[in-house]
Amino acid sequence: MTDLTDLELLYELSDTAEREVDRHLRQAVDWHPHDYVPWSRGRDFAALGGADFREDDSALSPVARAALVMNLLTEDNLPSYHREIAANFTLDGAWGYWVHRWTAEEARHSIVLRDYLTVTRGVDPVELEDLRMAQMQHGFAPGMSSMLLSVSYVTFQELATRISHRNTAAACADPVADRMLARVAADENLHMLFYRNILGAAIEVSPAQALTAIHAVLTNFQMPGAALPHFRRDAVLMAKNGIYDLRQHRDAVVVPVLRHWHLLERTDLTGEAARMRDLIGAFVDELEVGARRFEAARDRALERDARRLERAAC
């Protein structure tokens, strides 16, 4: 079978897109960022006669701070994300409606996260702004040069982001942050459902193409914040403390999405589609091996940290 062009795929999937937009609008909750920010904790900075940020202003742990900053800076690159999906989905019909609706909903996330961090003095606002400038000037170009690559990436990325937000909430130990991040995570889950269901329909329309895209995304997956300064350091800190790690990536992101499509159990696939199904299954097995290695290394590191603390207390 000849591969379909992006325009042909968009046409074939347009009815699914319309149904998914309708479902999303029925399930989405309209909310307002200002309702999730503890404004009474705020005070002026030096430019308005107050005091600038000091390290002891923040009530957040180093893990919570790293996670919140990474989550916020990831959300900040929205103009680049909008460009990517607009280019791959077009702005026609239900596709265009979704592109604009998704962008508008995502913008709330950076608004509420920044307001929370600024009002509570959770992080240094000068450093945060410098990082925002660096992140947005770098942009985001994941090389997703087709509709199927793009929708495959965001399917897994939206779910990963949801999990990161929920685990960050636990690390913050602040009921206000917990409520805020639960709201943001709920949005991310609805976005994932849209993309997952579009991709599921694409598997039926052009299985070999869709599975090739899924395999390419899974085997080269990186979160949007990978270009951030100190990304590796902060990602290790977050993984070590349960915000987002390889075990969660496999068990809570990759496997549930594949299971929803019953992809690895399908016996009706032939040719290239069957080959790609098997390659995806093999990669999931590789993730299991990697996750076990990570868990063993993490446990050893935590034990070393505990012994170091014991010696320091003596």
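Structure: see above.
Calculation rules
Residues numbered from 1 in each chain as written. Predicted model: local features only at pLDDT ≥ 70, side-chain atom pairs only at ≥ 80, totals over all residues. Heavy atoms only, no water. Phe/Tyr/Trp six-rings, centres within 6.5 Å; stacked < 30°, edge-to-face > 60°. Buried < 20%, exposed > 50% of the residue type's maximum accessible area, 1.4 Å probe, protein only. Lys NZ or Arg CZ within 6 Å of the ring centre and 35° of its normal. Helix = DSSP H or I, 4+ residues; strand = E, 2+ residues; numbered from the N terminus. Expected span 1.5 Å × (residues − 1). Contact = heavy atoms within 4.5 Å. Salt bridge = Lys/Arg side-chain N within 4 Å of Asp/Glu carboxyl O.

1. So, the packing of aromatic side chains
Evaluation of the coordinates by the stated rule reveals 7 aromatic pairs. The interplanar angle of 55° and the centroid separation of 5.4 Å between the aromatic rings of Phe-89 and Trp-95 together place this pair among those described as tilted. Assigned by exposure class, Phe-89 and Trp-95 land together as buried. Both rings, one in Phe-194 and one in Tyr-195, keep their centres 5.5 Å apart while their planes meet at 90°; by these two values the pair is edge-to-face. Here Phe-194 matches Tyr-195 in class, with each residue buried. Taken together, Phe-89, Trp-95, Trp-98, Phe-194 and Tyr-195 form an aromatic cluster joined through their ring pairs. Over the face of the ring belonging to Phe-45 we find Arg-121, whose NZ or CZ atom lies 4.0 Å from the ring centre. Above the plane of the ring of Tyr-36 lies Arg-179, whose end atom (NZ or CZ) is 4.2 Å from the centre.

2. As for helix 9 (residues 207–219)
Here helix 9 is 13 residues long and its end C-alpha atoms lie 18 Å apart, about the 18 Å a rise of 1.5 Å per residue gives. Considered for burial, the residues of helix 9 that qualify are Gln-209, Ala-210, Leu-211, Ala-213, Ile-214, His-215, Val-217 and Leu-218. Turning to helix 9, the residues buried within the fold contact helix 1 (6–12), helix 7 (147–172), helix 8 (175–205), helix 11 (246–260) and helix 12 (271–313).

3. Here we look at the pattern of salt bridges
Counting across every chain of the model gives 27 salt bridges. Notably, a salt bridge pairs Arg-83 with Glu-84, separated by 3.3 Å at the nearest N-O pair. Looking at Arg-83, the relative accessible area reads 42%, which means it is partly exposed. A relative accessible area of 15% means that Glu-84 is categorised as buried.

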